[in-house]
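# Structure at a glance
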Amino acid sequence: MSPWSVLGASLFCCVAIQSDSAGQPAAEAWHGKRPARTVIRGALVIEGNGTPATGPKDIVIEGNRIAGLVSVLPEAAAKGDARNRPQADVEIDGRGKYVLPGFINLHAHLQDERAGRPMPIDYCTKLWLASGITTIRDVGSNWEKAKQWRERSAAGELAAPRIFLYRGLAATEPAAGAALVRRYKEEGVDGIKLFGLYRDVFREIAKAADAAGLRRAHHTGVEETDAWDDIELKTTSIEHWYGIPDAALLERGQRFPPAYNYSNELDRFRWAGRLWREADSARLEKVLEGMLKAGVAWDPTFSIYEASRDAEKAQNQPYFRDYLHPSLAAFFEPNLANHGSYFTNWTTEDEVYWKENYRIWMAAVKRFGEMGGVITTGEDAGFIYRIYGFGYSRELELQQEAGFAPLAVLKHATLNGAIALGRQGELGRVRTGWLADLVVVNGNPLENLKRLAIHHGGIEWTIKDGILYHAPRLAREVRALVAEARRGR
Ligand SMILES: [Zn+2]
């Protein structure tokens, strides 16, 4: 923490009263609205491109764009002296606070039901906003509903991040796959999600998507295609990690026991935990180099598998008490019919293998980052004991555990997400002219990434498209919604 922010923090209470007496309505009154001109005063700025914090600065927002970043003398900032500084309709006191680009959640699923039970869509969208997430890339949900949520979010009617819809497609014939891509393009998809496809179908879809100008996210499963196909066809991003160690196996295919059945969720996740140890390290290096050259991003989604290395911890997270919606709780119950709810007979041995699996996997992601590969941040919440938003802040921590410095972790969550979306000219940075998607954090997140988790309360404002959202209020609304759903059971 810089000496200026310490000073700012110590003066915080008295100056807050001054700004009230200046007659300006409290910024909280603007929750859910987009002022014509907002200024965040005297904050430290983390740009999102990996460069260190700078400031104090006044961040000027006009409508939905960042209109300027004005350096402020530390003494003037500490005193809250607003003379000769940009004026605004709404002011946010930024002293002792850090401003970051809004986070991009590259692996999201918009969900309004779990285990056949309803759940309001604001449950996930508000949790995302409260976690600083201003953009999601949805990689599979109810298309008709998601299209409406995308529109309502863009219009500022639904409190939600920006929504990019990468629609999954089921095709078993190459020509049918290509035709579906063209139809989906007409229906307004933002990109394509690939999963579980035959190689010939995968190829035709990739070509059709390129011709239509659609990016591709590939959940590279344990299947016919692996990372070599993504390298050859220049897939935009590999989701999770399967397909990367597969491409580095010396034998074609993992050594499964005779009774293994990929359709059985327990088999699937148990043996996934024994996959990385079979990858040949020299061949893995070549796979990673291939991904780098082909411009394939890696969206590792560490947090969604974490229950595999410590199931009881995952099942008893303290914030479940206030934030776990009963429909989601029902889905989490061990049940092989629900994807990812495989803890029907989870053993010590499974956890031991998964801990090793994580070590090799994290080292591979770290190596890819060292080479210059694009690593992104995705969550995949709604499965395996992960609540929306909480899964994302945990992902940041796990990327630090993989060996990345916090500044690099934040770059993955911001600029790199924008790169994967092809929107690096307007998203993912705190930069004049960029869209006003910002997070205002009380204290320094580089010192402790936990500050970014909802239950730690560090995020004060999430600004999406110039709309101000007071994060504690969103969190309160979600707690109320959960309490109400529990009463209605
Ligand atoms: Zn997913």
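The model shown is predicted, which means the values in this text are computed figures rather than measured ones.

What counts, and where the lines are drawn
- Residues numbered from 1 in each chain as written.
- Predicted model: local features only at pLDDT ≥ 70, side-chain atom pairs only at ≥ 80, totals over all residues.
- Heavy atoms only, no water.
- Donors = N, O, S within 2.8 Å, 3.2 Å for Na, K, Ca; no water.
- Helix = DSSP H or I, 4+ residues; strand = E, 2+ residues; numbered from the N terminus.
- Polar contact = N/O pair within 3.5 Å; in protein donor to acceptor, adjacent residues only side chain to side chain.
- Core = buried A, V, L, I, M, F, W, Y, C linked by side-chain atoms within 4.5 Å.
- Buried < 20%, exposed > 50% of the residue type's maximum accessible area, 1.4 Å probe, protein only.
- Contact = heavy atoms within 4.5 Å.
- Pairing = 2+ DSSP bridges.
- Axes fitted to C-alpha atoms, helices over the stretch in contact; angles between N-to-C directions.
- Parallel < 35°, antiparallel > 145°, perpendicular 65-115°, else oblique.
- Left-handed = near helix turned anticlockwise from the far one by under 90°.
- Nonpolar A, V, L, I, M, F, W, Y, C, P; charged D, E, K, R; others polar.
- pLDDT = per-residue confidence, 0-100.

In the first shell of the zinc ion, the protein supplies His-107 (NE2), His-109 (NE2) and Asp-380 (OD), at 2.0 to 2.3 Å from the metal. If you list the donors of the zinc ion from N- to C-terminus, the spacing comes out as H-x1-H-x270-D. One end of the pair, His-107, is in strand E6 (residues 103-108); the other, Asp-380, is in the loop between helix H15 (348-371) and helix H16 (390-401), and 273 residues separate them in sequence.

For Asn-142, the location among the structural elements is in the loop between strand E9 (133-138) and helix H5 (143-154). Counting along the chain gives 33 residues from Asn-142 to His-109, while the straight-line C-alpha distance between them is 9.1 Å. Within the local environment of Asn-142, its side chain forms a polar contact with the backbone nitrogen of Lys-145, the two atoms lying 3.1 Å apart.

Residues Trp-298 and Ile-387 are the most contacted members of the largest nonpolar core, which totals 120 residues. Top contributing element to this core by residue count: H15, with 8 residues. When sequence neighbours within four positions are dropped, the list of residues in contact with Ile-387 reads Tyr-123, Leu-127, Tyr-319, Phe-320, Tyr-323, Leu-324, Leu-328, Glu-379 and Ala-381. Ile-61, Trp-434, Val-440 and Trp-461 belong to the second-largest nonpolar core, a separate cluster that totals 18 residues.

Another aspect to go through is unusual backbone geometry. In the segment running from Gly-55 into Pro-56, the intervening peptide bond is cis, with an omega of 5°. With respect to the helices, strands and loops of the structure, Pro-56 is situated in strand E2 (residues 54-62).

Next up on the list: the sheet that holds strand E11 (residues 191-195). The strand order across the open sheet built from 7 strands is E6-E9-E10-E11-E12-E13-E14, with neighbouring strands paired in parallel fashion. Two strands close off the open sheet at either side, each with one partner strand: E6 and strand E14 (297-299). Each adjacent strand pair in this sheet contributes to an overall mean axis angle of 25°, direction not counted. In terms of strand pairing, strand E12 (residues 215-219) meets strand E13 (residues 237-239) through 3 bridges, oriented parallel. Paired with His-219 across the strands is Glu-239, a residue of E13.

A separate point is the side chain of Asp-437. Mapped onto the elements, Asp-437 comes out in the loop between helix H18 (415-421) and strand E15 (438-442). Among the polar contacts listed, one links the side chain of Asp-437 to the side chain of Arg-162, at a separation of 2.7 Å. Those residues within four positions of Asp-437 in sequence are excluded, and the remaining contacts are Leu-100, Pro-101, Gly-102, Thr-134, Thr-135, Arg-162, Leu-427, Ile-463, Lys-464 and Asp-465.

Below, the discussion takes up the packing of helix H11 (residues 281-294) against H15. The geometry of H11 relative to H15 is characterised by a closest axis approach of 10 Å and an angle of 45° between their N-to-C directions. Looking at the two axes, H11 sits oblique to H15. Crossing handedness for the pair H11 and H15: right-handed. Where H11 approaches H15, its residues Leu-284, Glu-285, Leu-288, Glu-289, Met-291 and Leu-292 are matched on the opposing element by Ala-364, Arg-367, Phe-368 and Met-371. When its residues are assigned to classes, the contact of H11 with H15 shows 7 nonpolar, no polar and 3 charged.

What follows is about the confidence of the model for the protein. Confidence in the prediction of the protein, expressed as mean pLDDT, is 93, and 95% of residues score 70 or more. Across residues 1-22, confidence stays below pLDDT 50; counting only partners more than four residues off in sequence or on other chains, it has 21 contacts.

Time to look at helix H10 (residues 265-272). By the criterion of burial, H10 is predominantly enclosed, with 7 of the 8 residues buried. Of all the residues in H10, the buried ones are Glu-265, Leu-266, Asp-267, Arg-268, Phe-269, Arg-270 and Ala-272. The N-capping residue of H10, defined by a side-chain oxygen 2.8 Å from the backbone nitrogen of Leu-266, is Asn-264.

The subject of this paragraph is the side chain of Gln-317. Relative to the helices and strands, Gln-317 resides in the loop between helix H12 (311-315) and helix H13 (320-323). Here the side chain of Gln-317 touches Tyr-385 through a polar contact of 3.1 Å, landing on its backbone oxygen. Excluding residues within four positions of it along the chain, Gln-317 makes contact with Tyr-385 and Arg-386.

A word on the packing of helix H4 (residues 121-130) against helix H19 (residues 471-487). Across the interface, H4 lies against H19 with an axial gap of 9 Å and an inter-helix angle of 150°. As summarised for this structure, H4 and H19 are arranged roughly antiparallel, according to the angle between their axes. Crossing geometry of H4 relative to H19 is assigned as left-handed. For the pair H4 and H19, contact is made by Tyr-123, Lys-126, Leu-127, Leu-129 and Ala-130 and by Ala-471, Leu-474, Ala-475, Glu-477, Val-478, Leu-481 and Val-482, respectively.

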